[in-house]
Structure formats: structure tokens, C-alpha cells
Amino acid sequence: MKTCLKKAIMRRVMKKRKASADFDDVASEIYVLPPEADETVNNSYYYASHDKEGNAFFMRLGIRGGTAEIWFGVTTACGKAYMNSQELYKLEDSPVKTKCIQPLKEWEFSFKGKMLPVKPGENRIAVPDGKEVDAEFSGTFTSDLGLFEFSRDTHVEAYANAIAAQKWVKGFSDELKNNHQTRTEQMGHTKAVFKVGGKEFKFDAPGLRDRAYGKRIWSYMNHYSWLVGNLEDGRAFNACMVLYPAINVKGLRTGYYLPRDKYINLLDVDFPKHFTVTGVAPTHGKATAKFSDKTKAEIEFETKIIFPYRFTDSEGEYLVFEGVTSYTFNGIKGYGIAEFSYNKDRSRYENF
């Protein structure tokens, strides 16, 4: 009874908040960190693209104070795989650059630096497969679609379910506000060229652009599951669940699928418990998603290789596993990323 009442309250609150929201898509595109931002505030840019032949890449530049956090992984149709050999740089020395050419329409991105040849090891986690090499990568992301802004566009029911499941104790609302960040996603198309070891690889495929800015302390997070991909029939999907101290009972489940040019909200996604509690990314599995148009989807995935990243701060460590993945979405083939991340302290989620 209490949970039903809390859900009703949250539905009213979130509907009112959404009605009064005034999110500026263009201003979000050109946002930069204010000069006074410290190391707890993040401004990150992420790109990913995959084709059915096996060519794939993901790239992230996270700006935090004077530091650049870098993720960059590449796989090729001929079976080669590479990842960045260093994760943290002084911002002025960052090997990853990105630039907005036209808000909502076109972005450029590039990498120039050292990469490490890798291959799948235990649990398909990438392990070294040779010495560092010099590499260059450059490309563009273009789109005619709008942004999916998670605060604005996540379904009211998803927020109500997540927040109603928690105990409403003193300070709960303040903690939600203090750890808020803006996150947007956009589906589109990427073209890029990767040069390494005297060879050149070209990419021309559907892709994703993800943007996030605001307070992000890695060790504050408990867990994150994210399945995202493009399907061979032209559709795309996103299903994710995030756990952090303020929302750690059911977690916030959000996302969409994109049949044409309109994002259809995810209402719920059922991730198997072992995805969350083991502390290591699964190599394959299945999740069931429900959407606001009353459709359901069985999302099955299998990772080809998983790229690991580790972040340490004064409060602990956080592990991110970025998997280049093949999918089926109600039987339709697709390709994308399966990202699973975990606080190094397993007590934070092992009883989820």
C-alpha cells in the first residue's frame, strides 16, 4: 500500500517537473565546463559504431578538471583488436579530440597516440597481444534525429518505480538532486578511418553519440548495465539500469527503442540478477524489455571482446567493462555495445 501511494506521488511530481522543464537542446550541445568546476564534475563525449562484418569502435573523452579520461577500442573484420594503452592524460595532452560542427547534426572526433593490440582472454576480457603501436583515427558522426535527454524523456513510470522502491528518509531528496547529471543520446551514422601498422581500415555504419555532464564520482556508483545497438532492419534500441546509493533497491531502468524517427520509451527491463552481483561483465545473456507502446522485446547478446577500464579516487575504485557485441532483438540481428560496470566494493550490490 505504501509503495502504491509513493508511486502515485512520484507520478504527480515527475509530470509537474517535466511540464515545467525547459531543456535547451542546442545549449546542451555546446556546453563546456565552467572554470570553477572541480574534479567531481564530468563532461564526457562518447561515440560508437558497428557493422555486421565485425568492424566496430567506441571512443570516450571525459573532461574532469585538467584531466582527460580516455576509452578507445577498435575491432576489425579481419579479427584485429586494439585499445588505448593509457587511460588518464593531462587535458592538453589528450589523444582524443572532438568538436561540434553543427549542433544536433554533425560532430567530428579523432585519436592520435599509442594503442595496444589485444585479444580476448579469460571471460573475453582483452589482454595484450603485442607491443604498443602508433595509431590515428578520425571520423564524423551525422544525424537527422533529435536527442533523447534522459531527465526529460525517461518515462514517468520508470522514475516512479525506482524512487517508490526506496525508503524516503531525511536527506533522500537532497542526495538525488546533488548527484544529478545531464545525459543525452542520439542515433545516427558514422564514417571514420583508422590507420595502424601501415594499414588503413574504413568505417561506414550506423552509430551512437552519447553526452553526459554534471557531477560524477566514479566510486559513488554501485552498478550500471547498458545494452545498446543498431538492428539490421534499421531500428535501434537502448536498455539500461543504474544503481547508486540513493537508488539501490530496484534501480532506475530507462531507455528506448527507435523504430523510425521517434523514440519509444522503455518502461522496464528485466536483467538477470547475476549480471549485477558478480562484479564481472557477462559474456552473453538475455534481458526482457517492455516499452510504452505495449510492445516487449527479448534482447539476446553475445560479446566478441570486452575492454576493461578502471577508475580510482579517494573513496574507492570503479570497474567498467565495454563489450563489442552482437544482438538479436526479438530475433532480428543487431550490433552494438554491452557495457557493465561495478564498484570494486562488491558489498555495495551483492545483495541486490
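Computed from a predicted model, the values in this text were never measured in an experiment.

Visitor: Can you explain the overall build of the protein chain? Please cite residues and give values.
Guide: Counting its regular elements, the protein chain contains 6 helices and 20 strands. Radius of gyration (C-alpha) of the protein chain: 19 Å, near the 20 Å computed for a compact globule of 352 residues. Referenced to the eigenvectors of the C-alpha coordinate spread, the extents of the protein chain come out at roughly 65 × 50 × 40 Å. Taking as baseline every contact in the protein chain between residues at least 6 positions apart, the subset at least 24 positions apart corresponds to 62%. Carbon together with sulfur atoms contributes 51% to the accessible area of the protein chain, which is approximately 16400 Å² in total. Taking the average location of the 51 positive side-chain charges in the protein chain and that of its 46 negative ones, the two points are 5 Å from each other.

Visitor: Describe the packing of aromatic side chains, naming the residues involved and giving the relevant values.
Guide: Per the counting criterion, the structure on display carries 39 aromatic pairs. Look at Tyr82 and Phe194: their rings are 5.6 Å apart centre to centre, the planes differ by 65°, and that puts the pair in the edge-to-face class. With Tyr82 in strand S4 (residues 81-84) and Phe194 in strand S11 (residues 181-196), this residue pair connects regions lying 112 residues apart in the sequence. With respect to class, Tyr82 is no different from Phe194; both count as buried. A ring pair is formed by Tyr342 and Tyr349, whose centres lie 5.7 Å apart and whose planes are at 55°; its orientation type is tilted. Since its relative accessible area comes to 0%, Tyr342 is described here as buried. In this structure Tyr349 comes out as buried when scored by relative accessible area, which is 1%. Put simply, the rings of Tyr47, Phe57, Phe72, Tyr82, Phe109, Phe111, Phe137, Phe141, Phe194, Phe201 and Phe203 pair up and form one aromatic cluster. The aromatic ring of Phe150 is capped on one face by Arg183, whose charged end is 4.2 Å from the ring centroid. When the ring centre of Trp226 is taken as origin, the NZ or CZ atom of Arg183, which lies over that ring, is 5.4 Å away.

Visitor: A description of empty space enclosed by the protein should follow, citing residues and the corresponding values.
Guide: Applying the stated rule across the entire model yields 1 cavity of 30 Å³ or more. By volume, the largest cavity is sized at about 50 Å³. Forming the walls of the largest cavity are Ala48, Ser49, His50, Met187, Gly207, Leu208, Val228, Gly229, Asn230, Tyr335, Gly336 and Ile337. Mapped onto the lining of the largest cavity, the elements with two or more residues apiece are strand S1 (41-50), strand S12 (199-215), strand S13 (223-231) and strand S20 (332-343). Partitioned by chemical class, the residues of the lining of the largest cavity number 6 nonpolar, 6 polar and no charged.

Visitor: Tell me what's going on with the environment of Ser151, and back it up with residues and numbers.
Guide: Along the chain, Ser151 falls in helix H3 (residues 150-153). On the basis of relative accessible area, Ser151 is assigned to the partly exposed category, the value being 26%. Residues Ser151 and Met241, spaced 90 residues apart in sequence, show a C-alpha to C-alpha distance of 14 Å.

Visitor: Describe the nonpolar core, naming the residues involved and giving the relevant values.
Guide: Formed by 42 residues in total, the largest nonpolar core has its most connected members in Tyr46, Phe58, Trp71, Val118, Met187, Phe307 and Tyr309. With residues near it in sequence (within four places) discarded, Tyr309 still touches Phe58, Ile70, Trp71, Phe72, Gly73, Met83, Asn84, Glu87, Tyr318, Leu319 and Val320.

The rules we used
- Residues numbered from 1 in each chain as written.
- Predicted model: local features only at pLDDT ≥ 70, side-chain atom pairs only at ≥ 80, totals over all residues.
- Heavy atoms only, no water.
- Helix = DSSP H or I, 4+ residues; strand = E, 2+ residues; numbered from the N terminus.
- Rg over C-alpha atoms; globule rule 2.2 N^0.38 Å.
- Contact = heavy atoms within 4.5 Å.
- Areas by Shrake-Rupley, 256 points an atom, 1.4 Å probe, with all protein chains shown as cover.
- Lys, Arg positive; Asp, Glu negative; His and termini not counted.
- Charge placed at Lys NZ, Arg CZ, Asp CG, Glu CD.
- Phe/Tyr/Trp six-rings, centres within 6.5 Å; stacked < 30°, edge-to-face > 60°.
- Buried < 20%, exposed > 50% of the residue type's maximum accessible area, 1.4 Å probe, protein only.
- Lys NZ or Arg CZ within 6 Å of the ring centre and 35° of its normal.
- 1 Å grid on protein atoms, 1.4 Å probe; cavity = no way out; pocket = protein on both sides within 12 Å on 5 of 7 lines; lining within 4 Å.
- Points joined across faces, edges and corners; volume = space filled by probe spheres on them.
- Nonpolar A, V, L, I, M, F, W, Y, C, P; charged D, E, K, R; others polar.
- Core = buried A, V, L, I, M, F, W, Y, C linked by side-chain atoms within 4.5 Å.

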